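Descriptive structure summary
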Amino acid sequence: MGLCSTDEHLASALAHGLRIPHLVARFLVSRGIRTLSEAHHMLCGSVDDILDPFLMLGMEDAVRWFLDVREKGEKVFIFGDYDLDGMTAVTLMTKACEDLGVPTDWRLPNRFGDGYGLSMSAVDELYQAGARYVVTVDTGITANAEIARAKELGMAVMVIDHHQPSGEGLPPCDVLLDPHQEGDTYPNPELCGVGVSYKFLCALYSRLGMPVPEKFLDLVALGTLADLVQMTPENRAFTKFGLKALQHSCWPGLQEMYSALMKPHSTVGGIDVMYKIAPLLNAPGRMESPDPALKLLLSPNRATANALLAELKGWNTRRKQKEAEITEMAMEQVKLVYGETIPKVIVVAGDKWHVGVIGIVAAKLAQEFHRPSAVLSVCDGVAHASARAVPGFNWHKALFESRDLFDRWGGHANAAGFSLSADKVDELRKRLDDSAIAQGYTGEEEIVTEEYPYDIQVALHELVVETNQYMSVGDRPAGVPVPQLISVLDFFDQLEPFGGNFPYPTFRADNIRVHRMREIRGGHLQLDISQAGSRVFPAIAFGLRKSKSLLGKSKSVSVVFEPTWNYFNDKKSLQLCIKAIE
C-alpha cells in the first residue's frame, strides 16, 4: 500500500537523517515510526530500555530469600513448565546457581502424566526427592492448592511467573514475582517467564556487586520469541541483544544448535527461532518428555549436545507426522459438525488425539477459519484441551468465567489450556459462545479479503543499493572487503527481532515478469523474476502450485513477498519468498 504525501516526506527525512535506504524508511513509517530517534532506536536498540529490576513488586524479598538459602548451603529445586519459555528459565536459573555456588536439581512436568504447571503429583515427587527449597519458573501463579500442599510438607517456595492470577487469590508461597499480581506497577508486565527470571538474576547479581549477567540474554531471547509475548521496548531490547549473542553463545548446547541449523557467520532472526530452533526444542516435550531438550540446553560440552540434538531431530520428525494426521482430522470435523455456519468459537474433540500437538492444531484452525479455536483430546472420560485466539477474543477471560467446569486451567489471552469432564464439552461450547458475545466478539472482526496483506508497495530495483550512500550495517569478518552493492535485507537484519506485534516485513510489487519457472516437489515453485528497470531476482513460492496458471513469459503479475537470505556454498544472496501471486 502506498504512503500519503505527508508520510512520504517523513520517510525522506528519516532516510536522509539516518543514511538508510528510502524503502527501509517507508517501511518504518508504515509501522508507526514518526521520529529520527524512534527510527534510530529500532535500528540500534538501547540498553536504556532495560528497566530497574527492583521496580518489580516483591523483588527485595526474593533477593533476600535466595541469599538466605545460599547462606545456609541448601539445595534449590527448580521447577519449570515444559515449553521453551519454561526450559530456558530453568536453564538460566540453573546456570546462575552454578555461578553463585548454590547446588541445584531440576524438574519439568510431563504433559501426558502431570499436565501443565505444578501438579499435586509433582509436589509429592519433589518431596520424595528431598526438596525443601523450591523455585518455580514460568508456572505457579495459579497453583494455590499445590503450593499449599508443598507448604504442609515443609517446603519453602518462591514463585517466578508471568501468567495471570486465577482470580481466586494468590498462592501461599514464601516469595512471589509476577508483574501481573495486583499492586505491581512494574512498567513492563508483558515479560515472559524467562524474562521475569532474568530480572530476578539482574537484581541478585546487582545486590552481590556482580556485573549484569548479559551472557544469559540468548536464553531470554529464545523464550521471549517462542512465547509470543508483546515486543515492548524492554522485551525488544532483550531479544535484539540476545539474538546477536546467539551467534557466539557461551552455552555448548546453543553453540551446537547454531552450528547445525545456521550458516557460518549468519545472523539469527526471529523467523530462525520460530521455525528452526523452537520446534526442535519443543518436539520431545510434545511427543513424550521435555527432558532431552533441557539436557541439551544444559549440556556441559559440544559432544553431549550433538548426541542430544540428533535425538531432538528424531522427535521433531515424529511430531510433524502426528501433527499432520490430527490437523486433517480436526479440519474434517469442523466441516462435519459446523458445515457452512462457523460459530464464534470453534471447539473440536477427538478420541485420544495426541495432546502434544493439539496446540499447534488449534493454531492452524484459528488461522484457517479466523475464529478462536480449542482442540480437545478425550481419554477415559476426560478432555484435555489447548486453545488459540484471534484478535478480539480473550481466552483467559473466557475460561475464568467458566472455571467451575474445569479440573485445571491456565494461560494467556491468546493461548490457554484446560481439562474437564468430557460430558461438559457441550456446556462449554455454549458458554464460550456467550463469552464471545459478552466480549463484543462477533467473528466478523477480521474479514478475509482476496488481497494478501503487505506493508508497502516497492519497485524491485530498490532491493539492492550502493554501499557508500548509507550507514554501515552488520558485522563483517576481518579481511572480507566491503561490497559495492548490498541488499536492503542487511538493514532489515538491524531491525530484528521480528515477531509478535512486529511481524516480518512483507512487500508488494506489480508488473512482474517471469523469466523462468520450475515446479519442485511439495507443490512449490522456483522462479526468476524482474520488473522494468531491475535486475533478475531468484524467488521461491512455497505451496503456490495452484498459481502456476497465472505465470508465463508473456504475462505480467503482481507478487507479495518477503525478502529473505538464501545460503549456497557458504555465500548468501537475496531471495524473494513469494506469499501470493495475482
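Counting its regular elements, the protein chain contains 18 helices and 18 strands. Compactness check: the protein chain gives a C-alpha radius of gyration of 25 Å against a globular reference of 25 Å for 582 residues, within 12% of the reference. C-alpha atoms of the protein chain, sized along the principal axes, occupy 75 × 60 × 50 Å. Going through the 582 residues of the protein chain one by one, you find that 54% of them count as buried. In the protein chain, the proportion of contacts linking residues at least 24 apart, taken out of those at least 6 apart, comes to 65%. For the protein chain, the computed accessible surface area is about 25300 Å², with 51% contributed by carbon and sulfur atoms. One way to put it: in the protein chain the 58 positive side-chain charges average out to a point 7 Å from where the 73 negative ones average out.

So, about the side chain of E234. Within the secondary structure, E234 sits in helix α10 (residues 233–246). A polar atom in the side chain of E234 sits 2.9 Å from the backbone nitrogen of L51.

So, about the packing of helix α14 (residues 302–338) against helix α15 (residues 358–369). The interhelical angle for the contact between α14 and α15, taken along N-to-C directions, is 45 degrees, at an axis separation of 9 Å. The pairing of α14 with α15 is recorded here as oblique in orientation. Between α14 and α15 lies a crossing whose hand is right-handed. Of the residues in α15, those in contact with R319, E323, I326, T327, A330, M331 and V334 of α14 are I360, V361, K364, L365, E368 and F369.

Pairing in this open sheet of five strands is parallel, and the strands run β2-β1-β3-β4-β5 from one edge to the other. The open sheet is flanked by β2 (104–107) and β5 (175–177), the only strands paired with a single partner. Between one strand axis and the next, the sheet turns through 20 degrees on average, direction left out of account. Judged from the five bridges that link them, strand β3 (residues 133–137) and strand β4 (residues 156–160) form a sheet pairing that is parallel. Pairing of V135 across the sheet is with M158, part of β4.

Running from N to C, helix α1 (residues 5–18) and helix α2 (residues 22–30) point in directions that differ by 125 degrees, and their axes come no closer than 8 Å. Classed by the angle they form, the pair α1 and α2 counts as oblique. The element α1 and its partner α2 pack so that their crossing is right-handed. Between α1 and α2, the residues in contact are D7, E8, L10, A11, S12, L14 and A15 and H22, A25, R26 and V29, respectively. Grouping the constituent residues of the contact of α1 with α2 by class yields six nonpolar, two polar and three charged.

Two measures describe an aromatic ring pair: the distance that separates the ring centres and the angle between the ring planes. Evaluated as defined, the whole model comprises 16 aromatic pairs. Their ring planes at 65 degrees and their centres at 6.3 Å tell us that F27 and F502 sit as a pair that is edge-to-face. Placement of F27 in helix α2 and of F502 in the loop between α18 (489–494) and β14 (507–520) is noted, with a sequence separation of 475 residues between them. Just as F27 is buried, F502 falls in that class too.

Once that is clear, we can look at the environment of L420. Along the chain, L420 falls in strand β10 (residues 415–421). A residue is classified by how much of its surface remains accessible, and L420, at 0% relative accessible area, is buried. Between the C-alpha atom of L420 and that of E190, which follows or precedes it by 230 residues, the distance is 29 Å.

Conventions adopted
- Residues numbered from 1 in each chain as written.
- Predicted model: local features only at pLDDT ≥ 70, side-chain atom pairs only at ≥ 80, totals over all residues.
- Heavy atoms only, no water.
- Helix = DSSP H or I, 4+ residues; strand = E, 2+ residues; numbered from the N terminus.
- Rg over C-alpha atoms; globule rule 2.2 N^0.38 Å.
- Buried < 20%, exposed > 50% of the residue type's maximum accessible area, 1.4 Å probe, protein only.
- Contact = heavy atoms within 4.5 Å.
- Areas by Shrake-Rupley, 256 points an atom, 1.4 Å probe, with all protein chains shown as cover.
- Lys, Arg positive; Asp, Glu negative; His and termini not counted.
- Charge placed at Lys NZ, Arg CZ, Asp CG, Glu CD.
- Polar contact = N/O pair within 3.5 Å; in protein donor to acceptor, adjacent residues only side chain to side chain.
- Axes fitted to C-alpha atoms, helices over the stretch in contact; angles between N-to-C directions.
- Parallel < 35°, antiparallel > 145°, perpendicular 65-115°, else oblique.
- Left-handed = near helix turned anticlockwise from the far one by under 90°.
- Pairing = 2+ DSSP bridges.
- Nonpolar A, V, L, I, M, F, W, Y, C, P; charged D, E, K, R; others polar.
- Phe/Tyr/Trp six-rings, centres within 6.5 Å; stacked < 30°, edge-to-face > 60°.

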